[in-house]
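Here is what each chain is made of, one letter per residue.
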Amino acid sequence: MTTPDMTARRTVGACAALVIGTLTLTACSGGGTDAGNGDGKGGKGSSTTSAAKIVISAKDGSSGASINSTGVRVDGGKLTAVRMKDAKTGQEVPGSLESDGSGWHPGKQLERGTKYEITATAKDADGRSTTADSTFTTVSAANSFIGTYTPDGGTTVGVGMPVSFSFDKAISDRKAVQSHITVTSSSGQKVVGHWFGQNRLDFRPEDYWKTGSKVTMKIDLDGIEGADGVVGVQKKTVTFTIGRSQVSTVDVNTQTMTVVRDGATIKSVPISAGSSEFSTYNGQMVISEKSKQLHMDSRTVNLADAYDIKDVPHAMRLTQSGTYIHGNYWYNQGNPPFGRQGTSHGCVGLRDVKGGQGDTPSKWFYDNSMLGDVVVVKNSPDKSVKPDNGLNGWNMPWSEWIAGSAA
């Protein structure tokens, strides 16, 4: 997952470097100077003023400049040199000149809340030079928002994986933000966004994604006001692939999990679900994280000192509140509960060994699962999992899902 500016859950702004698209220039630069052509004639029809006009997108003295589209262009001539640097440190910002000399843009995304200096030189067809410069500051973190998102670009995920954004600022203009994020599938499935509060926006089709389809997420939030005085800074296109279909159904009545891949049952696995005191949620749950070993401490889920296991093997997260499907090596060897009895604190346990290196049902399921696979729990005495508890929007009827769209 991507997280904002050096976060963990993949942000559109940090872990994944934002693509700098076609240069969008909106304002003239600061002052410029012209140099004569050196012929000293200055006769009728001639001029010592260059016909080249340089435009720097960030106006001299401005603040709130884009970290994506700031750059230089020229009309009536060609750029010959552009220098950009961090005004405080003096560090050069590398960039690239268009092959025809008509424009220049930085080679990387700029930092937020940073003062920069640009000096550009151009010549017209007669060789007459002109220069322009600008000192400006990019939009600050306080006046901008970023959304972490899942899944990562270039990955292959299961059929249940939604597109999910978590914004670092509360969004009041949901329509403006949602209308600048488009999610499409090569399968042709209709994809709709749904807001869970002011900070989270998920996208999914009515039914699970079609296997083998390509999903494209277009993020065009740069400069879009999401709340009063707070604008987006993200501009990127992300594509991921839907892999094979795998839906595993846990039947609490039989303490068995049936794994169905591409419509065919490939394995039946004995499990131990939640106990009568700590039952497991019913409903469709999506695998959102995988860890070969995970420290599980009951205090993090408000269960006092019920357990503290530092090396839980083959753990796969199903809910944000702490439901996992994972290996269990601490069971009573003389009376294994798998396939017979629910003994967990709400998780779904599979037989495993300490260290997770054995040929066990838990290792098999871990090795044969991917992020976005679906685990369905039925016949539990517990309630159904909430749609926003993890990536579990499939538990919301389609009509309600559409009603939560701002587009």
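Note that the structure is predicted; figures quoted are calculated from it, not measured.

Rules of the game
- Residues numbered from 1 in each chain as written.
- Predicted model: local features only at pLDDT ≥ 70, side-chain atom pairs only at ≥ 80, totals over all residues.
- Heavy atoms only, no water.
- Helix = DSSP H or I, 4+ residues; strand = E, 2+ residues; numbered from the N terminus.
- Buried < 20%, exposed > 50% of the residue type's maximum accessible area, 1.4 Å probe, protein only.
- Contact = heavy atoms within 4.5 Å.
- Pairing = 2+ DSSP bridges.
- Axes fitted to C-alpha atoms, helices over the stretch in contact; angles between N-to-C directions.
- Core = buried A, V, L, I, M, F, W, Y, C linked by side-chain atoms within 4.5 Å.
- pLDDT = per-residue confidence, 0-100.
- Salt bridge = Lys/Arg side-chain N within 4 Å of Asp/Glu carboxyl O.
- Polar contact = N/O pair within 3.5 Å; in protein donor to acceptor, adjacent residues only side chain to side chain.

### Looking at the overall build of the protein chain
The number of helices and strands found in the protein chain is three helices and 30 strands. Considering the protein chain as a whole, with its 407 residues, one finds that 49% of them fall into the buried category. Sequence-distant contacts, at least 24 apart, represent 66% of the contacts inside the protein chain between residues at least 6 apart.

### Brief notes about the sheet that holds strand 28 (residues 324-328)
The strand order 26-27-28-29 describes an open sheet built from four strands, whose pairing is mixed. Two strands close off the open sheet at either side, each with one partner strand: strand 26 (289-297) and strand 29 (348-351). Geometrically, the sheet is characterised by an average inter-axis angle of 40° between neighbouring strands, direction not taken into account.

### Quick look at the environment of Glu 277
Within the secondary structure, Glu 277 is located in the loop between strand 24 (264-270) and strand 25 (283-286). The exposure class of Glu 277 is exposed, given its relative accessible area of 63%.

### A few points about unusual backbone geometry
Following Thr 150, the chain continues into Pro 151 via a peptide bond in cis, with omega recorded as 5°. Note on placement: Pro 151 falls in the loop between strand 12 (147-150) and strand 13 (156-157). Phi at Asp 262 takes a positive value of approximately 50°, unusual for a residue other than glycine. Given the relative accessible area of 49%, Asp 262 is considered partly exposed. Positioned with a positive phi, Asn 379 is a non-glycine residue whose angle comes to about 65°. Note on placement: Asn 379 falls in the loop between strand 30 (374-378) and helix 3 (398-403).

### Points about the sheet that holds strand 15 (residues 181-185)
Strand order in the open sheet formed by four strands is 13-21-18-15, with mixed pairing between adjacent strands. In this open sheet, the two strands that pair with only one neighbour each are strand 13 and strand 15. Of the strand pairs in this sheet, strand 18 (residues 214-220) and strand 21 (residues 235-242) are connected by seven bridges, and their pairing is antiparallel. Counterpart to Thr 216 in the pairing with strand 21 is Thr 239.

### What to know about the pairing of strand 17 (residues 200-205)
With respect to burial, strand 17 is a largely interior element, six of its six residues being buried. Every second residue of strand 17 is oriented toward a common face, with Arg 200, Asp 202 and Arg 204 on one face and Leu 201, Phe 203 and Pro 205 on the other, all of them buried. Bridging between strand 16 (residues 191-196) and strand 17 involves six bridges; their strand directions are antiparallel. Its bridge partner being in strand 17, Trp 195 is matched across the sheet by Leu 201. The antiparallel hairpin formed by strand 16 and strand 17 contains three residues in its connecting segment, where Gly 197 sits at a positive phi of about 75°.

### Focus: the side chain of Asn 392
Mapping Asn 392 onto the fold places it in the loop between strand 30 and helix 3. When neighbours within four sequence positions are excluded, Asn 392 is seen to be in contact with Gln 284, Met 285, Val 286, Leu 318, Thr 319, Val 385, Lys 386 and Pro 387.

### With respect to the nonpolar core
Counting residues in each nonpolar core, the largest one holds 29 residues, and the members touching the most others are Phe 165, Phe 167, Val 177, Ile 181, Val 183, Phe 203 and Met 217. Breaking this core down by element, the ones donating at least two residues are strand 14 (163-167), strand 15, strand 16, strand 17, strand 18 and strand 21. Membership of the second largest hydrophobic core comes to 23 residues, among which are Ile 67, Trp 104, Tyr 116 and Ala 122.

### Things to note about the confidence of the model for the protein chain
Averaged over every residue, the pLDDT of the protein chain is 90; the share at 70 or more is 88%. Segment residues 1-46: pLDDT under 50, and 128 contacts once partners within four positions in sequence are set aside and those in other chains are kept.

### Re the side chain of Ser 213
The topology assignment puts Ser 213 in the loop between strand 17 and strand 18. Among the residues examined, Ser 213 registers a relative accessible area of 3% and is labelled buried.

### Some details on the pattern of salt bridges
This model, assessed by the stated rule, comprises 12 salt bridges. Residues Arg 128 and Asp 126 are paired through a salt bridge, measuring 3.3 Å at the closest nitrogen-oxygen approach. Of the charged contacts, one joins Lys 363 and Asp 367 as a salt bridge, the two residues approaching to 2.7 Å between their closest N and O atoms. Placement of the pair is Lys 363 and Asp 367 together in helix 2 (residues 361-367), with a separation of four residues, close to one helical turn. The class of Lys 363 is partly exposed, set by a relative accessible area of 25%.

### A short note on the environment of Tyr 116
On the secondary structure map, Tyr 116 appears in strand 9 (residues 115-123). Classification of Tyr 116 as buried rests on a relative accessible area of 4%. For the pair Tyr 116 and Lys 85, spaced 31 residues apart in sequence, the C-alpha to C-alpha distance is 5.7 Å. In this structure, Tyr 116 is in contact with Met 84, Lys 85, Asp 86, Ala 87, Val 93, Leu 110, Glu 111, Ser 134, Thr 135, Phe 136 and Thr 138, ignoring residues within four places of it in sequence. Engagement of the side chain of Tyr 116 in a polar contact is seen with the backbone nitrogen of Glu 111, the distance being 3.0 Å.

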